[in-house]
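Observations on the model geometry
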Amino acid sequence: MEEKKEKEIVLSGIRATGNLHIGNYFGALSKFVRMQQDDKYENLFFVADLHALTTAPDPAALHANVRSIVTEYLAAGIDPEKSTIFVQSDVPEVSELYLLLNMHVGIGELMRTASFKDKARKALGIHSDSDNIESEIIGNESTSKRVNAGLLTYPTLMAVDILIQKAQKVPVGKDQEQHLELTRRFARRFNNFYGVELFPEPYNFDFGGKPVKVPGLDGSGKMGKSEGNCIYLIDDEKTLRKKVMRAVTDQGPTEPNSEPTQPIANLFSLMELASTPDTVEHFRKAYADCSIRYGDLKKQLAEDLVALTAPIRERIQAISGDDAYIGRVLREGAEKARERAARTLSEAREVMGIRKFY
Ligand code: ADP
Ligand code: TRP
């Protein structure tokens, strides 16, 4: 009999902090959907609600955000028949392994993580970009403003999400690379310390291309929920068109073959993601010979983004009221995710010497 080859585990998650935008779509969600087409992979996609608690905890918003992300996963094409869809907090094993793994993580390495420094500064309202974050945190903490320990240990929790499922491939945007690097370091350290091969080292996955960074419409480097420069998957056609038509541009090229400025380069990057290669080529040529009209480029870009998001938006509307369906998907997903997680947790407990007397 032919031996059944073990499938590679793919896992990724998105924090429950609001509706998904096209940065999330191109950087993460569209890759999740593509992973399903290859049956070499066993896919797990989850909503990181515990991670959402590290910034601005808000009980009513949290529950609604979990629901909207699950809805958006389903609407974008994640198929619960092919992939396990679950909510992070439905797998309590994650919280226990997070405690255990933290015993092997240094507070120094956590403090040096770029995302921690950014978020800590935001939490305390510090505008400097000095590297001396430790003393800034101690100096600026007050009764109303503090950096919580959950924010510091964010990378441990993310590492546990991945390691507890023994995932090897983690499709995420470029901004998550440092967290993956830490995950590999923690896995190696744990394995070496206990002389085991418990955790495989995970890598980002991008179908052979470079991890994408979707720019904002305000001329800035990155589209992000907290930047206020997003096109959301739920934006209706009118809103979407208005946002694109308002995108920041410049005076236009004055010399042939000049390098586009940042806002224009951003519009071209968006076009490369949403439009056909011919369309991109057409506008690049027009830019090179200075005949470009930004209004035309924006109209075309808006059209192509509408074509991409309209079917997703329709499905969001169809699914979002179906509590029974969402509940069923998440219950089944939680069961599957817990089964794998419980196995890994009991292996970790065993190697660490946590054994029962009864
Ligand atoms: P946000 O930055 O809007 O808060 P998240 O941090 O929740 O988004 O990101 C969820 C996923 O989407 C991650 O895999 C992240 O890498 C990806 N992502 C977010 N913004 C972008 C972007 N502008 N370009 C590419 N990928 C992105
Ligand atoms: N940190 C990720 C983000 O901000 C979300 C996340 C949490 C994640 N745990 C994960 C992504 C595990 C991939 C795998 O987008």
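Residues numbered from 1 in each chain as written. Chains lettered and ligands numbered in written order. Predicted model: local features only at pLDDT ≥ 70, side-chain atom pairs only at ≥ 80, totals over all residues. Heavy atoms only, no water.

Let's talk about the site of ligand 1
Looking at ligand 1, there are 18 residues lining it, with His21, Asp175, Val214, Lys222 and Met223 nearest. In this structure, an oxygen atom belonging to ligand 1 sits 2.6 Å away from a side-chain N or O atom of His21. At a separation of 2.8 Å, an oxygen atom of ligand 1 approaches a polar backbone atom of Gly173. Here ligand 1 has 540 Å² of accessible area as a free molecule, and 94% of this is covered by the chains. (Near = heavy atom within 4 Å. Polar contact = N/O pair within 3.5 Å; in protein donor to acceptor, adjacent residues only side chain to side chain. Areas by Shrake-Rupley, 256 points an atom, 1.4 Å probe, with all protein chains shown as cover.)

Comments concerning the pairing of strand β1 (residues 8-15)
For β1 and strand β2 (residues 41-48), the ladder comprises eight bridges, and the chain directions are parallel. Note on β2: the bridge partner recorded for Ile9 is Glu42. Each parallel crossover has a hand, and the one from β1 via helix α1 (residues 22-35) to β2 is right-handed. (Pairing = 2+ DSSP bridges. Helix = DSSP H or I, 4+ residues; strand = E, 2+ residues; numbered from the N terminus. Right-handed = clockwise from strand over helix to strand, strands pointing away.)

Describing the side chain of Glu72
Counting through the fold element by element, Glu72 comes out in helix α3 (residues 59-76). The buried charged residue Glu72 lacks any salt bridge partner; its closest oppositely charged side chain belongs to Lys225, at an N-O distance of 8.1 Å. A distance of 3.1 Å separates the side chain of Glu72 from the backbone nitrogen of Leu20, its partner in a polar contact. Residues within four places of Glu72 in sequence aside, it is in contact with Asn19, Leu20, Leu29, Ile234 and Ile316. (Buried < 20%, exposed > 50% of the residue type's maximum accessible area, 1.4 Å probe, protein only. Lys, Arg positive; Asp, Glu negative; His and termini not counted. Salt bridge = Lys/Arg side-chain N within 4 Å of Asp/Glu carboxyl O. Contact = heavy atoms within 4.5 Å.)

Some points on helix α7 (residues 133-140)
Those residues of α7 lying buried are Ile133, Glu136 and Ile137. Burial along α7 is one-sided: seen end-on, the buried residues are contained in an arc of 100°. When the buried face of α7 is taken as reference, the exposed residues oriented beyond 90 degrees from it are Ile138 and Gly139. (Arc of directions from axis to C-beta.)

Overview of the site of ligand 2
Gly13, Tyr154, Met158, Asp161 and Gln176 are the nearest of the 14 residues found near ligand 2. Note that an oxygen atom of ligand 2 is positioned 3.5 Å from one of the side-chain N or O atoms of Arg15. In the model, a nitrogen atom of ligand 2 is placed 2.9 Å from a nitrogen or oxygen of the Gln176 side chain. Only β1, β2 and α9 (154-163) provide two or more residues apiece to the shell around ligand 2.

Here's the deal with the packing of aromatic side chains
In this structure the tally under the stated criterion is ten aromatic pairs. Ring geometry for Phe205 versus Phe207: centroids 5.0 Å apart, planes at 70°, classification edge-to-face. Directly above the ring of Tyr154 sits Lys119, whose terminal nitrogen or CZ lies 4.7 Å from the centroid. Seen from the ring of Phe268, Arg284 lies directly overhead, with NZ or CZ sitting 4.5 Å from the centre. (Phe/Tyr/Trp six-rings, centres within 6.5 Å; stacked < 30°, edge-to-face > 60°. Lys NZ or Arg CZ within 6 Å of the ring centre and 35° of its normal.)

A look at the pattern of salt bridges
Enumeration according to the criterion identifies 20 salt bridges in this entry. Notably, a salt bridge pairs Asp296 with Arg293, separated by 3.5 Å at the nearest N-O pair. Judged by relative accessible area, Asp296 falls into the partly exposed class, the value being 33%. The partner of Glu339 in a salt bridge is Arg343, and the shortest N-O contact between them spans 3.9 Å.

Notes on the packing of helix α4 (residues 92-102) against helix α15 (residues 323-352)
At a closest axis distance of 9 Å, the pairing of α4 and α15 adopts a crossing angle of 25°. It follows that α4 is roughly parallel to α15 by the angle criterion. As for how α4 packs across α15, the hand of that crossing is left-handed. Within the contact between the two elements, α4 uses Pro92, Glu93, Glu96, Leu97 and Leu100 and α15 uses Arg338, Ala341, Ala342, Leu345, Ala348, Arg349 and Met352. Taken together, the residues of the contact of α4 with α15 sort by class into eight nonpolar, no polar and four charged. (Axes fitted to C-alpha atoms, helices over the stretch in contact; angles between N-to-C directions. Parallel < 35°, antiparallel > 145°, perpendicular 65-115°, else oblique. Left-handed = near helix turned anticlockwise from the far one by under 90°. Nonpolar A, V, L, I, M, F, W, Y, C, P; charged D, E, K, R; others polar.)

Concerning the nonpolar core
Formed by 60 residues in total, the largest nonpolar core has its most connected members in Leu29 and Tyr73. Looking at this core element by element, the count peaks at ten residues for helix α14 (residues 294-320). Non-local contacts of Leu29, meaning those with residues more than four positions away in its chain, are made with Leu20, Asn24, Glu72, Tyr73, Ala76, Ile78 and Leu233. Ranked by size, the runner-up nonpolar core spans 45 residues in total, among them Leu11, Val94, Ala159 and Ala187. (Core = buried A, V, L, I, M, F, W, Y, C linked by side-chain atoms within 4.5 Å.)

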